[in-house]
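What follows is each chain in one-letter form.
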Amino acid sequence: MTTDTLNKVQDTDTLANDTRKAELLKSEVEHIDITSFDARPIVEAMGKMSFTSRDLARAAGIYNQMLSDPGCSVWLVIAGSTSAGGCMDLYAELVRNNMVDAIVATGASIVDMDFFEALGHKHYQALEIPDDDTLRSLYIDRIYDTYIDEVALQDCDYTIGKIADSLEPRPYSSRAFIREMGKWLSEGNGKKDNSLVKLAYEHDVPIFCPAFTDSSAGFGLVKHQVDAMKRGGHWMTLDSIADFRELTDIKITAGTTGLLMIGGGVPKNFAQDTVVCAEILGHDDVEVHKYAVQITVADVRDGACSSSTLQEAASWGKVSTALEQMVYAEATSVLPLLASDAYHRGHWRSREKRRFAKLFD
């Protein structure tokens, strides 16, 4: 085969791959707008039903109690892929309308999903799922029935590294670094106004990712460190102890707190553990989390934190059993109802803004 013939074959293969990739990445995930519909009648009707419907209605009631309690600070806790699945604008709306005061999340939710879309990239519905090796050959990543363009995700990695390169080489909590990400977006570098990271920066709502490098951010930060080593210079680092201390400081300052937890994992445990940490620091009068809602599909029988009930957390001195509710459901199917119900009931309109991020200025 001549060189010209080989080049023609390669060009044909590239064109075919590009066409196939475009076919698979043609249907964008559209994020739900909780302001566009009023879920109150549905939630009220579900309260007169049984099973998960009644659990959700009670959970919605507890969330509304958090918002209507003038002394309560609300913490949003996110694990899993609900942001990629269509709830991204929902979370942004909670921040925009003063319905949460602090956020604890996985790095994937904050970086691979929200910051990723803030850069102008998209998530796509997987309307067909070919062999995953085929997806790999096309540089398409899959989250169940959702696609991500790996090339776009690498742009996210690169951007995180660029932000790290611009910072003073010292330790940062994940909160401090995510605030720099929000500042960068707010300074005109972002392509999406409805970004959780951007809005949290603008509204002084701190975001914590206790396992931050377990995400797209990790690749960018590793490259930042390796490049700095090669130059013989210094580099910024992440201080996980500062994460725990800062969130505990917020708990001590806040007093009464309520948890709205989507999924479980590290964010759930991290948020709950602040009560115990405050006690260890000598704050014997610190309150357990007064209100708590968790939406999860995890099975309690494996003894994991993700699936542990909120009543179990009471045995650890973390959560009150008086106002708690587990909702066993896939979150994208019920969270929009809970959030829309709370938005339209409007308790957020009279809430005081906490602006906890200013604690660390």
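Scope of this entry: the structure provided in the associated data block.

Looking now at the overall build of the chain. Within the chain one finds 14 helices and eleven strands. Seen along its three principal axes, the alpha-carbon backbone of the chain occupies a region of about 80 × 55 × 40 Å. Across the 361 residues in the chain, those meeting the buried criterion constitute 52%. Long-range pairs, those at least 24 residues apart, make up 79% of the contacts in the chain with a sequence separation of at least 6. On the chain, roughly 16,300 Å² of surface is accessible, and the fraction owed to carbon and sulfur atoms is 50%.

Attention now goes to the sheet that holds strand β11 (residues 319-328). Across the sheet, six strands lie side by side as β7-β2-β1-β9-β10-β11; this open sheet has parallel pairing. Of all the strands in the sheet, the pair left with one neighbour each is β7 (207-208) and β11. Relative to strand β2 (residues 102-105), strand β1 (residues 72-78) runs parallel, the two sharing four bridges. From the neighbouring strand, Leu76 faces β2, where its bridge partner is Ile103.

Enumeration according to the criterion identifies four aromatic pairs in this entry. Ring centres of Phe244 and Phe270 lie 5.5 Å apart, and the angle between their planes is 40°; on these two criteria the pair is classed as tilted. With Phe244 in helix α11 (residues 240-254) and Phe270 in helix α12 (residues 265-280), this residue pair connects regions lying 26 residues apart in the sequence. Its relative accessible area of 28% is what places Phe244 among the partly exposed residues. Its relative accessible area of 11% is what places Phe270 among the buried residues. With a centroid separation of 5.3 Å and an interplanar angle of 15°, the aromatic rings of Tyr343 and Trp348 are classed as stacked.

Our focus in this paragraph is the side chain of Gln272. Tracing the chain through its elements places Gln272 in helix α12. A relative accessible area of 2% means that Gln272 is categorised as buried. Beyond its immediate chain neighbours, meaning those up to four positions away, Gln272 contacts Leu259, Met261, His289, Leu310, Ala313, Lys318 and Val319.

This part takes up the sheet that holds strand β3 (residues 123-125). Taken in spatial order, the three strands of this open sheet run β3-β5-β4, and their pairing is antiparallel. The open sheet is flanked by β3 and β4 (140-143), the only strands paired with a single partner. In this sheet, adjacent strand axes meet at a mean angle of 35° when their direction is disregarded. Strand direction decides the pairing type here: β3 and strand β5 (residues 146-149), joined by three bridges, are antiparallel. Considered in β5, the bridge of Tyr124 is made with Tyr147. Of the strands in this sheet, β4 and β5 touch helix α7 (residues 150-165), which is tilted by about 60° from β5.

Quick look at the nonpolar core now. Tyr63, Tyr91, Leu94, Ile103, Phe177 and Met181 are the most contacted members of the largest nonpolar core, which totals 75 residues. Not counting chain neighbours up to four residues away, the residues in contact with Ile103 comprise Leu76, Ile78, Val95, Leu196, Val205, Pro206, Ile207 and Phe208. Judged by nonpolar contacts, the second largest core, of 18 residues, contains Val104, Met261, Phe270 and Leu310.

Glancing now at helix α5 (residues 107-118). With respect to burial, α5 is a largely interior element, eleven of its twelve residues being buried. Where α5 ends, the next residue or the one after it, Gly120, has phi of about 105°, a positive value.

What follows concerns the pairing of strand β9 (residues 256-262). Burial within β9 is extensive, with seven of its seven residues counted as buried. Note that β1 and β9 share seven bridges and pair parallel. Note on β9: the bridge partner recorded for Ser73 is Thr257. Where β9 and strand β10 (residues 289-296) come together, five bridges link them in parallel fashion. Each residue of the ladder has a partner; that of Ile262, found in β10, is Ile295. Tracing the backbone out of β9, into α12 and back to the parallel element β10 gives a crossover that is right-handed.

Cut-offs applied
- Residues numbered from 1 in each chain as written.
- Predicted model: local features only at pLDDT ≥ 70, side-chain atom pairs only at ≥ 80, totals over all residues.
- Heavy atoms only, no water.
- Helix = DSSP H or I, 4+ residues; strand = E, 2+ residues; numbered from the N terminus.
- Buried < 20%, exposed > 50% of the residue type's maximum accessible area, 1.4 Å probe, protein only.
- Contact = heavy atoms within 4.5 Å.
- Areas by Shrake-Rupley, 256 points an atom, 1.4 Å probe, with all protein chains shown as cover.
- Pairing = 2+ DSSP bridges.
- Phe/Tyr/Trp six-rings, centres within 6.5 Å; stacked < 30°, edge-to-face > 60°.
- Axes fitted to C-alpha atoms, helices over the stretch in contact; angles between N-to-C directions.
- Core = buried A, V, L, I, M, F, W, Y, C linked by side-chain atoms within 4.5 Å.
- Right-handed = clockwise from strand over helix to strand, strands pointing away.

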